[in-house]
There are 2 protein chains.
Amino acid sequence: MTHEAKTPAAVREGRGRGRRPADEVRADVLRAVGDLLLAEGIAELTFERVARVAGVSKTTLYKWWPSKGALALDGYFHAVEQTLAFPDTGDIRADLLSQLRAFARVLTETPGGRILAELIGQSQTDQELAAAYRALYSSQRRRLAGERLERAREAGQLRADVDVQVLVDQLWGAVYHRLLIPDEPVTDDFVTALVGNLLDGVTGRGPATC
Amino acid sequence: MTHEAKTPAAVREGRGRGRRPADEVRADVLRAVGDLLLAEGIAELTFERVARVAGVSKTTLYKWWPSKGALALDGYFHAVEQTLAFPDTGDIRADLLSQLRAFARVLTETPGGRILAELIGQSQTDQELAAAYRALYSSQRRRLAGERLERAREAGQLRADVDVQVLVDQLWGAVYHRLLIPDEPVTDDFVTALVGNLLDGVTGRGPATC
C-alpha cells in the first residue's frame, strides 16, 4: 500500500457526503503515520504531510494528537503492534526468544530504533513528550509483556514470587540499554543470552530444563 | 570543601611562579566539576565557572575538554568513581547488591540521575556527545563491571559460558531503563530482584545456593 494515496475521504465510493466514522479516520491516520515512520523515520513527519496522505484536515489531527511526538508515538505503536505481538505457544522460552528477536530486528533493521531513540532522548528534557511516550507507547508495551509473563507464571513456568515487571527491564530494558548507549551491539546472540541468563540463572550450576 | 574557593594556583604557598603539574591541575578541575554537578546538576555548569573555581584559564580547559559535555562526563565519572567502586568480598551476590544499591542511590538521591539522563538524551542526536559519553563514561563503567564479573566467573561463581557484558545490560542496563523511561521506579526491592533473578534464574525451580 503506497503511502502517497491521495483519495480524499469525501469522494470514496459509496459514502456520499457524510462524515466517516471517527474510528476509521483515526485508523487511517495511524496507518499513514506508521507507514511514513517505518519508511523514512521521524524527521520528515509533519502534520501537513500526514493530513494530506490520510485525507483529513490538520484541524482534525490537532484535535486528536496535541503534538508531533504524540502523533508519532501513537502511529509507531500501531505500526509495530503485530510484529511485536507476543506468541503464546505455551513454551515461554521459545515465545520470549521469538518476540525479542522480532523486537531486535525492528530496532536494528528498520528506522524503528532511531525513532524510539530520538523520542526517548527528547523525553529527557521534554516533560510533555515524556508523558506521551509513557502513555502511548512504553506503558502499553509493558502491559503486553507483563500479560504474557503472568500467564507463564500462572502456568508454573516462572517462580511464583517473581515480579514480572522486573523481567521486562532485564529483557527489553537490556535491549533498550544497548540501543541508547551502544558500547555493545544488539545481536541475535545477545537476545539468546538475555533469555537464557534470566530463565536459567548465571551461577555456577548448569541450566534449567524449562 | 567549598566549591567557591577563590585561591588562584599561582599564589599557593611555597609554589612560587612555576606551573603546576598538569595532572594536578586536571585533578583540581575534575574535582571542581564533580562538586558542582553533584551539588547543582548540569544546567549551571559553564567553562567560565569551572575555570574560576578550579583556578585555571578557560584556554586550559578548552585544550583538555572540547565541549561542556566532555567536561561534565569526565568530572562526573571521577565524582562517582569511589561511590560506585566494585566491592570484592568474594561473595558476588553481596557485592552486586551493595554496588547496585549505591548506584540506585546516586541516581535517585543525587542530581546524578538527572545528569546522566540529560546527557544520554542529548547523545541520541549529538554524535560528538555520544562518542564522549561512551569514551569517558559508559565504556569505563562497563569495563569496571566486567572486571568484577570476570573474577566471579574465574572463581566458578558464574557459569563458564556466560558473557559478562550481557549481565551488565541485565543489571545496570535494567536500572538505566527505569531511569530513562520511568513507568516503574528504581527502588531497593527492584535492585534486590535484579540480582536474585539473574543469579538464580526465574523458572519454576527454587533459587540457587550461591
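If you're wondering where the values come from, they're calculated on a predicted model, not measured in any experiment. (Residues numbered from 1 in each chain as written. Chains lettered and ligands numbered in written order. Predicted model: local features only at pLDDT ≥ 70, side-chain atom pairs only at ≥ 80, totals over all residues. Heavy atoms only, no water.)

Some remarks on the overall build of chain A
From N to C terminus, chain A includes nine helices and zero strands. In chain A, the order of α-helices and β-strands from amino to carboxyl end is α-α-α-α-α-α-α-α-α. (Helix = DSSP H or I, 4+ residues; strand = E, 2+ residues; numbered from the N terminus.)

Digging into the nonpolar core
Core analysis: the largest hydrophobic core is formed by 139 residues, its most contacted members being V29, Y137 and W172 of chain A together with V29, Y137 and W172 of chain B. Ignoring anything within four residues of it in the chain, the contact list for W172 of chain A reads F86, L96, Q99, L100, F103, A145, L149 and L167 of chain A. (Core = buried A, V, L, I, M, F, W, Y, C linked by side-chain atoms within 4.5 Å. Buried < 20%, exposed > 50% of the residue type's maximum accessible area, 1.4 Å probe, protein only. Contact = heavy atoms within 4.5 Å.)

Looking at the UniProt feature "DNA-binding region" (unreviewed entry) in chain A
UniProt records the feature "DNA-binding region" (unreviewed entry) for residues 46-65 of chain A in the present numbering. Helix and strand shares over residues 46-65 of chain A are 75% and 0% respectively, and the end C-alpha atoms of the span are 12 Å apart. (UniProt positions renumbered as here; feature names shortened; annotations may be inferred.)

Comments concerning helix α9 (residues 188-200) of chain B
Here α9 of chain B spans 18 Å end to end across 13 residues, near enough to the 18 Å set by a 1.5 Å rise per residue. Of all the residues in α9 of chain B, the buried ones are F190, V191, L194, V195, G196, N197, L198, L199 and D200 of chain B. (Expected span 1.5 Å × (residues − 1).)

Focus: the interface of chain A and chain B
Taken residue by residue, the interface counts 50 residues in chain A and 50 residues in chain B. Interface area for chain A against chain B, summed over the two sides, is near 4400 Å², with a carbon-plus-sulfur share of 57%. The interface formed by chain A and chain B contains four salt bridges. Note that R178 of chain B and D169 of chain A form a salt bridge whose closest N and O atoms lie 2.8 Å from each other. The interface formed by chain A and chain B includes 28 residue pairs in polar contact (both at pLDDT 80 or more). Of all the secondary-structure elements, those providing two or more residues to the side of chain A that touches chain B are α6 (112-123), α7 (127-154), α8 (164-180) and α9 (188-200) of chain A. By residue number, the principal contributor to the side of chain A that touches chain B is α8 of chain A, which donates 13 residues. Split into classes, the residues belonging to the side of chain A that touches chain B amount to 23 nonpolar, 16 polar and eleven charged. (Buried area = accessible area lost by both parts, 1.4 Å probe. Salt bridge = Lys/Arg side-chain N within 4 Å of Asp/Glu carboxyl O. Polar contact = N/O pair within 3.5 Å; in protein donor to acceptor, adjacent residues only side chain to side chain. Nonpolar A, V, L, I, M, F, W, Y, C, P; charged D, E, K, R; others polar.)

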